[in-house]
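Given next are the chains, with one letter for each unit.
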Amino acid sequence: MNRIRSALEPQLKAVRNDELGADQYKALAAHTEQQIAHIVSNCKLPPEADAALHGILAQIAQGTDAMAGKSKTKPRDGALKVVAALDEYGRTFDHPGWKKLHH
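Rules used throughout
Residues numbered from 1 in each chain as written. Predicted model: local features only at pLDDT ≥ 70, side-chain atom pairs only at ≥ 80, totals over all residues. Heavy atoms only, no water. Helix = DSSP H or I, 4+ residues; strand = E, 2+ residues; numbered from the N terminus. Rg over C-alpha atoms; globule rule 2.2 N^0.38 Å. Buried < 20%, exposed > 50% of the residue type's maximum accessible area, 1.4 Å probe, protein only. Contact = heavy atoms within 4.5 Å. Areas by Shrake-Rupley, 256 points an atom, 1.4 Å probe, with all protein chains shown as cover. Lys, Arg positive; Asp, Glu negative; His and termini not counted. Charge placed at Lys NZ, Arg CZ, Asp CG, Glu CD. Salt bridge = Lys/Arg side-chain N within 4 Å of Asp/Glu carboxyl O.

> Help me out: how do you make sense of the overall build of the protein in this one?
Counting its secondary structure elements, the protein contains five helices and zero strands. Tracing the protein from N to C terminus, the helices and strands come up as α-α-α-α-α. In terms of overall size, the protein behaves like a compact globule, its C-alpha atoms giving a radius of gyration of 13 Å where 103 residues would be expected to give roughly 13 Å. Viewed in the frame of its principal axes, the protein has a C-alpha envelope of about 40 × 25 × 20 Å. Burial analysis of the protein (103 residues in total) assigns 35% to the buried set. Summarising the internal contacts of the protein: among those between residues at least 6 apart in sequence, 62% fall at separations of at least 24. Total accessible area computed for the protein in this model is approximately 6100 Å², and 50% of it derives from carbon and sulfur atoms. Charged side chains of the protein number 14 positive and 12 negative; the gap between the two group centres comes to 3 Å.

> Even after reading the chapter, I still don't get unusual backbone geometry, so can you show me in this structure?
Excluding glycine, a negative phi dihedral is what most residues carry, and trans is how most peptide bonds are arranged. Notably, aspartate 18 is not glycine yet its phi reads approximately 55 degrees, a positive angle. Within the secondary structure, aspartate 18 sits in the loop between α2 (12–16) and α3 (22–41). Its relative accessible area of 55% is what places aspartate 18 among the exposed residues.

> Even after reading the chapter, I still don't get the side chain of threonine 64, so can you show me in this structure?
With respect to the element layout, threonine 64 can be found in helix α4 (residues 47–67). You can call threonine 64 buried: its relative accessible area is 1%.

> Where do I start with the side chain of glutamine 35 in this structure?
On the secondary structure map, glutamine 35 appears in helix α3. Beyond its immediate stretch of four places on either side in the chain, glutamine 35 contacts Arg3 and Ile4.

> How should I be thinking about the pattern of salt bridges in this particular structure?
Close approach of charged atoms lets side chains of opposite charge pair. All chains considered together, the criterion is met by four salt bridges. Between arginine 76 and aspartate 77 there is a salt bridge, with the nearest N and O atoms lying 3.9 Å from each other. Arginine 76 gets classed as partly exposed once you look at its relative accessible area, which sits at 25%. Between glutamate 88 and arginine 91 there is a salt bridge, with the nearest N and O atoms lying 2.8 Å from each other. Highlighted residues: glutamate 88 and arginine 91, both in helix α5 (residues 75–92), separated by three residues, approximately one helical turn.

Next comes the structure, spelled out in structure tokens:
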């Protein structure tokens, strides 16, 4: 989750201002897809926490699909969906040092 957050955070101002290009969204999407796959393959949480995490990952995946141009949702809206999901992650999980993304 840190890697997803770290990739998105420096782009957040450009996302908010609708200044990010399609190639930049696609690069963020590719990075995020890799991180989702890594998280899923290494997930070893108790069932309740696992279900909560996978719900958040589903939100991130939907946003990622939009950023990649794989849905009718605008890439910008997809990025904002990922931001919202990351903030939900921070509220749901006790992740030391986690900081909310300001959107």
